[in-house]
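An overview of the molecular structure
Spelled out, the chains give:
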Amino acid sequence: EAQVTQNPRYLITVTGKKLTVTCSQNMNHEYMSWYRQDPGLGLRQIYYSMNVEVTDKGDVPEGYKVSRKEKRNFPLILESPSPNQTSLYFCASKHPDRRETQYFGPGTRLLVL
Amino acid sequence: SQQGEEDPQALSIQEGENATMNCSYKTSINNLQWYRQNSGRGLVHLILIRSNEREKHSGRLRVTLDTSKKSSSLLITASRAADTASYFCATDAGQGAQKLVFGQGTRLTINP
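In short, a report on the structure. (Residues numbered from 1 in each chain as written. Chains lettered and ligands numbered in written order. Predicted model: local features only at pLDDT ≥ 70, side-chain atom pairs only at ≥ 80, totals over all residues. Heavy atoms only, no water.)

1. Thoughts on the overall build of chain A
So the rule is basically this: Counting from the N terminus, the helices are the DSSP runs of H or I reaching at least four residues and the strands are the DSSP runs of E reaching at least two. Exposure classes here rest on a 1.4 Å probe applied to the protein chains alone. A residue is buried below 20% of its type maximum, exposed above 50%, and partly exposed in between. Contact criterion: two residues are considered in contact whenever any of their non-hydrogen atoms come within 4.5 Å of each other. Values of accessible area rely on a 1.4 Å probe in the Shrake-Rupley scheme; residue burial ignores everything except the protein chains shown. Charged residues are defined here as Lys and Arg on the positive side and Asp and Glu on the negative side; His and the ends of the chain fall outside this count. Taken as the charge location is NZ of Lys, CZ of Arg, CG of Asp or CD of Glu.
In terms of regular secondary structure, chain A is built from zero helices and 11 strands. Starting at the N terminus and walking to the C terminus, you meet the elements of chain A as β-β-β-β-β-β-β-β-β-β-β. The buried share of chain A, reckoned over its 113 residues, is 50%. Contacts in chain A between residues at least 24 apart in sequence constitute 53% of all its contacts with a sequence separation of at least 6. Taken as a whole, chain A presents about 5,400 Å² of accessible surface, with 51% of it coming from carbon and sulfur. Computing the positive centroid from 15 side-chain charges and the negative centroid from 11, chain A places the two 4 Å apart.

2. A few points about the pairing of strand β3 (residues 19-25) of chain A
Residues and elements named next belong to chain A. Quick reminder of the rule: DSSP-based pairing: two strands are paired if at least 2 bridges between them are found.
Among the seven residues of β3, five are classified as buried, and the element is accordingly described as predominantly covered. One ladder, built from four bridges, connects strand β1 (residues 4-7) with β3; its direction is antiparallel. Counted as the bridge partner of Val 4 is Gln 25 from β3. As paired strands, β3 and strand β8 (residues 76-78) are joined by three bridges and run antiparallel to one another. By the bridge assignment, Thr 20 is partnered in β8 with Ile 77.

3. Focus on the side chain of Arg 36 of chain A
All names here are of chain A. As a reminder, the rule being used: In the analysis that follows, any N or O atom pair within 3.5 Å is treated as a polar contact, provided that within protein one partner can donate a hydrogen and the other can accept it, and provided that, for residues neighboring in sequence, both atoms belong to side chains.
By the element assignment, Arg 36 lies in strand β4 (residues 31-38). Overall, Arg 36 belongs to the buried group, its relative accessible area being 8%. One polar contact links Arg 36 to Asp 38, side chain to side chain, over a distance of 2.8 Å.

4. Concerning the interface of chain B and chain A
How big an interface is tends to be stated in terms of accessible area lost as the parts join. Keep this limit in mind: Take the accessible area each of two parts loses on contact, using a 1.4 Å probe, and add the two losses: that sum is the buried area. Residues were grouped as follows: Ala, Val, Leu, Ile, Met, Phe, Trp, Tyr, Cys and Pro as nonpolar; Asp, Glu, Lys and Arg as charged; and all remaining residues, including Gly, as polar.
Listed per partner, the contact involves 25 residues of chain B and 26 residues of chain A. Both faces considered, chain B and chain A share a buried interface measuring about 2,000 Å² in area, 50% of it formed by carbon and sulfur atoms. Here chain B and chain A share three residue pairs in polar contact (both at pLDDT 80 or more) between them. Elements with a minimum of two residues in the side of chain B that touches chain A: β4 (31-37), β5 (43-50), β9 (85-92) and β10 (100-102) of chain B. Along the lines of polarity and charge, the residues of the side of chain B that touches chain A split into seven nonpolar, 14 polar and four charged.

5. Comments concerning the sheet that holds strand β1 (residues 5-7) of chain B
Residue and element names in this part refer to chain B. Counted only if it meets this: Note on method: axes are straight lines fitted to C-alpha atoms, helices fitted across the in-contact stretch only, with angles between N-to-C directions ranging 0 to 180 degrees.
Judged by pairing direction, the sheet is antiparallel, and its five strands sit side by side in the order β1-β3-β8-β7-β6 without closing on themselves. Edge positions in the sheet fall to β1 and β6 (55-58), since each of these pairs with one other strand and no more. The average angle at which neighbouring strand axes cross in this sheet is 20°, direction not considered. For β6 and strand β7 (residues 61-66), the ladder comprises four bridges, and the chain directions are antiparallel. Its bridge partner being in β7, Lys 56 is matched across the sheet by Val 63.

6. So, the pattern of salt bridges
Inclusion rule: Salt bridge, as used here: a side-chain nitrogen of Lys or Arg that lies within 4 Å of a carboxyl oxygen of Asp or Glu.
Applying the stated rule across the entire model yields eight salt bridges over all chains. Note that Glu 79 of chain A and Lys 18 of chain A form a salt bridge whose closest N and O atoms lie 3.9 Å from each other. With a gap of 61 residues between them, Glu 79 of chain A in the loop between β8 and β9 (87-94) and Lys 18 of chain A in the loop between β2 (10-13) and β3 connect regions that are remote in the sequence. The exposure class of Lys 18 of chain A is exposed, given its relative accessible area of 51%. We note a salt bridge from Arg 60 of chain B to Asp 83 of chain B, for which the minimum N-O separation is 2.9 Å.

By themselves, these are just geometric observations and shouldn't be taken as functional.
Below, the structure written as structure tokens:
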């Protein structure tokens, strides 16, 4: 089954404690992206990657890092989480053809105390 | 920056009625997409309409695109309780890197 998986699905942590949210897709997609969703703000792009070793900032990259060492994986790293990073995070992937749509993961709900 | 703006923010109708949601955007686009999100879950793609298309159908869904007005509408006919969800439009505005810009969504409630 074609899918995007994220782990963990739920996470409660404390300010400053480094964490990583993993994202993996099995569709051989070149393009992957991370979004955060906050009430009243819709989805905002954090980082995206056009292919292995190619990453770029989205609209709200501050406080986040990503890496793309393998095509299937695109982890999101919070080196020093802060309460304003409490949010619902989604990973997505797609074929680079513009006519193709994005496939979203199930989401990771993060609470930073 | 947010490009798509949905209207209304919330919509409540009776089962069997039609639901119409609108989306406006600011810059020229390659395509516009509609997604559905059930509460707290991932987004599911519904339909994509390209900038050179004016109307598209998929089952009970009908999407229109007016590039001169920079607006799109999503019509769900014969609504069902299972259609209760949030609906987002997203624009692919190009400019080199592929990037979807999402609106804030319309919360649709179908009352039995």
